[in-house]
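# Notes for the structure review
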Amino acid sequence: MQEGVQRASAFAAPKGVPEYYPPESAGFVHVRDTLAGAAERAGYGYVELPIFEDTGLFARGVGESTDVVSKEMYTFADRGDRSVTLRPEGTAGVVRSVIEHNLDRAGLPVKLRYAGPFFRYERPQAGRYRQLQQVGVEAVGVDDPALDAEVIAVADEGFKALGLTGYRLELTSLGDAECRPAYRERLQEFLAGLDLDEPTRARARINPLRVLDDKRPQVRRQLEDAPLLLDHLSAASAEHHAAVLAHLEDLGVAYTINPRMVRGLDYYTKTTFEFVHDGLGAQSGIGGGGRYDGLMETLGGQPLSGVGFGIGVDRTLLACRAEGVQPWSEARAEVFGVPLGDAAKRRLVVIAAELRRAGVRVDLAYGGRGLKGAMKSADRSGARFALVLGERDLEAGTVGVKDLASGDQRAVPLDSVVTELVAKLA
Ligand code: HAM
C-alpha cells in the first residue's frame with residue numbers, strides 16, 4: 001500500500017466462499033490433484049459435469065426431505081424461465097450423464113471421477129462453506145462388495161498420499177429395499193414411545209432414521225436402546241456388508257462400525273461411510289459416500305446400482321494444516337532472473353525461455369528494479385537459485401548463480417548455465 005491510502009475494495013467475495021491464492025493455493029491444488037490421482041490410478045475416467053442442472057434432478061435424486069434440497073440449494077429461474085440449481089453434490093449429475101449418454105451400454109462398471117465446486121446455502125463457519133470443493137468418484141452398474149471396498153480404499157490412499165494420519169473411517173450398512181421398510185416401521189414404533197417435542201415427532205414420521213442423528217443429550221439418552229438397522233439387515237445386505245469388511249481387512253484399511261451414521265442425502269443403501277478427522281472441530285467429515293441401489297432407476301435409467309464418494313478438498317486441506325503436513329512446495333519458481341540493465345535483460349529473457357522449455361519454473365524481475373528490490377522478489381518467489389546478470393558479467397560471458405538458501409554465488413558460463421541448472425534441479 002502506498003502513501004497511507006486505504007485499499008478498501010468496493011466488493012468482497014460472497015459470504016462463506018473460500019478463496020485460494022498464492023502461496024497457499026499451492027496446497028489446494030496439491031490436495032485436489034493427489035486425491036484425484038488416487039482415483040485415476042484405479043481406472044476412474046474423468047468427467048466434466050455442468051455446474052448447474054435442472055432443479056428436478058436434485059429434488060428427485062438427492063431427496064425432497066433432505067436439508068440439502070429443502071433448505072440449501074441455490075435455485076433460480078434462468079432467462080428462459082427454467083428452474084435451474086447450482087449443483088449441491090455430484091452423484092445425481094454423474095448418474096444423469098451415464099443415462100443420457102448411454103455410458104452403461106459399453107461395459108460395466110462405468111467408473112468416473114470428478115473435481116470442482118459445489119454449492120450449498122449453509123450457515124458458514126470454519127470448514128463449512130457455501131461454495132465447497134469436492135473430488136469424487138462413482139462406479140455405476142455392478143453390485144459387487146469388492147467395488148465398495150475399492151472406492152473406500154481409493155479415498156484412503158488419497159489421504160495417505162498426503163501424509164494424513166489423524167482420521168478414521170466410519171462405516172455401516174443402510175440395508176436394502178427388502179429390510180428398510182420393516183426397520184423403518186420398527187424404529188417409528190420405538191420413537192412413538194419416547195418423550196419428544198413436536199418437530200422431532202414430525203421428523204420421526206417423515207424420516208425416522210434422521211432422528212437417530214439428534215445431538216441433544218435429552219434425546220440421545222432416550223435413543224440408547226433404539227433398534228439399529230445393522231441388526232435387522234436382509235440376508236443379502238448382511239452378506240454384502242460382511243464381504244465389504246473382509247475386503248477392507250485384506251487391504252489393511254482400518255474402520256470402525258458406526259451403526260448410527262446418518263448421511264444428509266437420501267439415495268444411500270447398503271454400504272455407507274464417512275471419513276472423520278479429529279483435528280477439525282465440528283465440521284469433521286473430510287469425505288463420505290456409499291452405495292445407491294435405486295438412484296439410477298429413479299432418474300429414468302436401468303435398475304443398476306452404484307457406489308462412490310465425495311471428498312471435501314477444503315476440509316482435507318484444513319486437515320493437512322491441523323496435522324502440520326505439507327507435502328507441497330509454495331514456491332512459485334525454482335529459478336529467478338535478476339537482470340541489471342537492458343542488455344542483461346534481453347539475454348536473461350531468452351535464458352528463462354530455454355529453462356522453461358526444459359521444464360524448469362522460472363520468473364524474472366521486471367520493470368528495471370535495482371539489485372536489492374529484485375533480490376527481495378527472488379526470495380519471495382521461493383526460488384532455489386537467482387541468476388544475477390550485469391553488464392560486466394555479460395562481457396565476461398558468465399552469469400552469477402546464487403544459491404538463495406546458502407547465499408553462495410558462483411560465476412557460470414552463459415553457454416552452459418541452462419544445462420547446469422536443469423541438472424541441479426532434476
Ligand atoms: P457429502 O457427505 O454431502 O456427500 O459431501 C462430501 C464431502 O464434501 C463431505 O464429507 C465434506 O468433506 C464436504 N462438504 C460437504 N458440505 C460441505 C460444506 N458446506 N463446506 C465444506 N465441505 C463440505 C456427497 O456430496 C455425495 N455426493 C458423496 C457421494 C458420492 N456419495 C456417493 N457418491
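Residues numbered from 1 in each chain as written. Predicted model: local features only at pLDDT ≥ 70, side-chain atom pairs only at ≥ 80, totals over all residues. Heavy atoms only, no water.

### A look at the site of the ligand
Around the ligand sit 27 residues in total, of which E89, E122, R263, Y268 and G285 are the nearest. A distance of 2.7 Å is found between an oxygen atom of the ligand and a backbone nitrogen or oxygen belonging to G285. One of the backbone N or O atoms of F309 is found 3.4 Å from a nitrogen atom in the ligand. In isolation the ligand has 660 Å² of accessible area, and contact with the protein removes 95% of it. Every element with two or more residues in the shell around the ligand is listed here: β6 (131-140), β10 (285-292) and β11 (306-312). Among the elements that take part in the shell around the ligand, β10 stands out by supplying seven residues, more than any other. Residue classes in the shell around the ligand are distributed as nine nonpolar, 11 polar and seven charged. (Near = heavy atom within 4 Å. Polar contact = N/O pair within 3.5 Å; in protein donor to acceptor, adjacent residues only side chain to side chain. Areas by Shrake-Rupley, 256 points an atom, 1.4 Å probe, with all protein chains shown as cover. Helix = DSSP H or I, 4+ residues; strand = E, 2+ residues; numbered from the N terminus. Nonpolar A, V, L, I, M, F, W, Y, C, P; charged D, E, K, R; others polar.)

### Quick look at a positive patch on the surface
A contiguous patch of positive charge on the surface is contributed by R369, K372, K376 and R380. Among the secondary structure elements, K376 is positioned in helix α14 (residues 371-381). (Patch = residues over 30% accessible without salt bridge, like charges linked within 9 Å, V, L, I, M, F, W, Y side chains within 5 Å. Salt bridge = Lys/Arg side-chain N within 4 Å of Asp/Glu carboxyl O. Lys, Arg positive; Asp, Glu negative; His and termini not counted. Charge placed at Lys NZ, Arg CZ, Asp CG, Glu CD.)

### Focus: the sheet that holds strand β14 (residues 385-389)
Taken together, five strands build an open sheet; the order of strands is β13-β12-β14-β15-β16 and the sheet is mixed. On the outer flanks of this sheet lie β13 (362-364) and β16 (409-413), each paired with one strand and no other. This sheet shows a mean twist of 25 degrees between the axes of neighbouring strands, independent of strand direction. By the bridge criterion, three bridges tie strand β12 (residues 335-339) to β13 in an arrangement that is parallel. Bridge assignment links G337 to a residue of β13, and that residue is L364. Taken strand by strand, helix α13 (residues 342-357) contacts β12, β13 and β14, and its axis lies near 165 degrees from that of β13. (Pairing = 2+ DSSP bridges. Axes fitted to C-alpha atoms, helices over the stretch in contact; angles between N-to-C directions. Contact = heavy atoms within 4.5 Å.)

### So, the environment of M375
Structurally, M375 can be placed in helix α14. Between the alpha carbons of M375 and A386 there is a distance of 7.9 Å; along the sequence they are 11 residues apart. Ignoring any residue separated from it by four or fewer positions in sequence, one finds M375 in contact with V338, A386, V388, K402 and L404.

### Comments concerning the UniProt feature "binding site: L-histidine" (unreviewed entry) in the chain
UniProt tags E89, G90, T91, R120, Q134, E138, R263, Y267 and Y268 as "binding site: L-histidine" (unreviewed entry). Residue placement: R120 occurs in the loop between β5 (110-119) and β6. By relative accessible area, R120 is classed as buried at 15%. In contact with R120, not counting residues within four places along its chain, are V68, E72, Y74, P88, E89, Y129, R130, L132 and Q134. Structurally, Y268 can be placed in the loop between β8 (256-257) and β9 (269-277). Dropping the residues within four chain positions of it, Y268 is found in contact with L174, R180, R263, G289, G290 and R291. (UniProt positions renumbered as here; feature names shortened; annotations may be inferred. Buried < 20%, exposed > 50% of the residue type's maximum accessible area, 1.4 Å probe, protein only.)

### What to know about the domain arrangement of the chain
Where interface size is quoted, it is often the accessible area lost as the parts come together. Splitting the chain by domain gives domain 1 (25-179 + 233-323) and domain 2 (335-425). Computed over C-alpha atoms only, the centres of domain 1 and domain 2 are separated by 47 Å. (Domains from an automatic or database assignment.)

### Description of the UniProt feature "domain: Aminoacyl-transfer RNA synthetases class-II family profile" (unreviewed entry) in the chain
In the numbering adopted here, UniProt assigns the feature "domain: Aminoacyl-transfer RNA synthetases class-II family profile" (unreviewed entry) to residues 40-339. Helix makes up 35% of residues 40-339 and strand 24%. Its end C-alpha atoms lie 43 Å apart.

### A look at the pairing of strand β7 (residues 167-173)
Looking along a regular strand, one sees side chains alternate from face to face of the sheet. In terms of burial, β7 is a largely internal element, six of the seven residues being buried. Both β7 and β9 contribute to a ladder of seven bridges, which runs antiparallel. Across the sheet, L169 pairs through a bridge with F275, a residue of β9. Bridge analysis of β7 against β8 gives two bridges, and the strand direction is parallel. Residue E170 lies in a different strand from β8, and its bridge partner there is T256.

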